[in-house]
Amino acid sequence: MRWWDITPVLALEDELFPEDAWSAGMFWSELAHARGPGATRHYVVAEDGAGRIVGYAGLAAAGGLGDVQTIAVARDQWGTGLGARLLTDLLKEATAFECDEVLLEVRVDNTRAQKLYERFGFEPIGFRRGYYQPGNVDALVMRLTVQGTETEI
């Protein structure tokens, strides 16, 4: 994702997450940490054949821990495997960032996303009450141990 993607990403963000959409400032802040030798973020967009942004995802990484910041797919792309491809990209970057674990929060009412994460090996580890505002919706916290980073004793 680059700065010129923010406007179309915001349109998709508003469509998919009308109550708790990220602001332009939030995306600008994340992208400020996505370039250069000290980068701690990775953001990607997916376009359809006409060049329309139909998905995006972002990862933050620090101290061996990755965190899926956002992942979204346009409704007309649901069921195409795009969400899995975006998540695969984030997990590949988590490995490049040398993350031992990747965490994420997902709305408790978003079973579609939860099933995707479970297919990738994420396991539920807790809840964050009232995490999504202003709707006061709880988040399920999930964790994945990144393959190849486990240490054996």
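Above this note sits the structure.
The present account deals with the structure reproduced in this document. (Residues numbered from 1 in each chain as written. Predicted model: local features only at pLDDT ≥ 70, side-chain atom pairs only at ≥ 80, totals over all residues. Heavy atoms only, no water.)

Here's the deal with the overall build of the protein
Part 1 of the argument: Secondary structure summary: the protein contains four helices and six strands in total.
Part 2 of the argument: Reading the helices (α) and strands (β) of the protein from amino to carboxyl end gives α-α-β-β-β-α-β-α-β-β.
Part 3 of the argument: Its C-alpha radius of gyration of 15 Å places the protein within 12% of the 15 Å reference for a compact globule of 153 residues.
Part 4 of the argument: The principal-axis extents of the C-alpha atoms in the protein amount to approximately 50 × 35 × 30 Å.
Part 5 of the argument: Scored against the burial criterion, the 153 residues of the protein give a buried share of 43%.
Part 6 of the argument: Pairs at least 24 residues apart make up 54% of the contacts formed inside the protein by residues separated by at least 6 positions. (Helix = DSSP H or I, 4+ residues; strand = E, 2+ residues; numbered from the N terminus. Rg over C-alpha atoms; globule rule 2.2 N^0.38 Å. Buried < 20%, exposed > 50% of the residue type's maximum accessible area, 1.4 Å probe, protein only. Contact = heavy atoms within 4.5 Å.)

Quick look at the environment of Gly81
Part 1 of the argument: By the element assignment, Gly81 lies in the loop between β3 (65-73) and α3 (82-96).
Part 2 of the argument: As for Gly81 and Leu116, which are separated by 35 residues in sequence, their C-alpha atoms are 9.7 Å apart.

Here we look at the sheet that holds β3
Part 1 of the argument: Strand order in this open sheet of six strands is β1-β2-β3-β4-β6-β5, and the pairing throughout is mixed. What marks the edges here is a single partner per strand, and that holds for β1 (41-47) and β5 (123-132). Strand-to-strand, the axes of this sheet are offset by a mean angle of 25 degrees, without reference to chain direction.
Part 2 of the argument: Bridge count between β5 and strand β6 (residues 137-145): six bridges; the pairing is antiparallel. Counterpart to Tyr132 in the pairing with β6 is Val137.
Part 3 of the argument: In this fold helix α4 (residues 111-119) packs onto β3, β4 (101-107) and β6, with an angle of close to 165 degrees to the strand it touches most, β4. (Pairing = 2+ DSSP bridges. Axes fitted to C-alpha atoms, helices over the stretch in contact; angles between N-to-C directions.)

Brief notes about helix α1 (residues 6-16)
Part 1 of the argument: Listed as buried for α1 are Ile6, Val9, Leu10, Leu12, Glu13 and Leu16. When α1 is viewed along its axis, its buried side chains cluster within an angular range of 165 degrees and face the same direction.
Part 2 of the argument: Against the buried residues of α1 lie α2 (24-31), β1, β2 (53-62) and β3. (Arc of directions from axis to C-beta.)

What to know about the layout of surface pockets
Part 1 of the argument: Of the pockets and cavities examined, the largest pocket occupies roughly 1100 Å³.
Part 2 of the argument: What lines the largest pocket is a set of 39 residues, among which Phe17, Ile71, Asn110, Ala113 and Tyr117 lie closest to the centre.
Part 3 of the argument: If you list the elements that add at least two residues to the lining of the largest pocket, you get α1, β3, α3, β4, α4 and β5.
Part 4 of the argument: Looking at the lining of the largest pocket, the element that brings in the most residues is β3, giving seven residues. (1 Å grid on protein atoms, 1.4 Å probe; cavity = no way out; pocket = protein on both sides within 12 Å on 5 of 7 lines; lining within 4 Å. Points joined across faces, edges and corners; volume = space filled by probe spheres on them.)

Details of α2
Part 1 of the argument: What α2 keeps buried is the set Phe27, Glu30 and Leu31. For α2, the buried positions fall inside an angular range of 95 degrees around the axis, keeping them on one side.

Things to note about the pairing of β2
Part 1 of the argument: The buried count for β2 comes to nine of ten residues, which makes it a mostly enclosed element.
Part 2 of the argument: Where β1 lies against β2, seven bridges are found, and the strand directions are antiparallel. Pairing of Tyr43 across the sheet is with Gly58, part of β2.
Part 3 of the argument: Linking β1 to β2, which pair antiparallel, is a turn of five residues; within it Gly51 sits at a positive phi near 85 degrees.

Examining the pattern of salt bridges
Part 1 of the argument: Inspection of the entire model under this criterion finds nine salt bridges.
Part 2 of the argument: Between Arg41 and Glu30 there is a salt bridge whose closest N-O contact spans 2.8 Å. Of this pair, Arg41 sits in strand β1 while Glu30 sits in helix α2, and the two are eleven residues apart along the sequence.
Part 3 of the argument: Here Glu101 makes a salt bridge to Arg143, at a shortest N to O gap of 3.7 Å. Here Glu101 is found in strand β4, whereas its partner Arg143 is found in strand β6, with 42 residues between them in sequence.
Part 4 of the argument: You can call Glu101 partly exposed: its relative accessible area is 27%. (Salt bridge = Lys/Arg side-chain N within 4 Å of Asp/Glu carboxyl O.)

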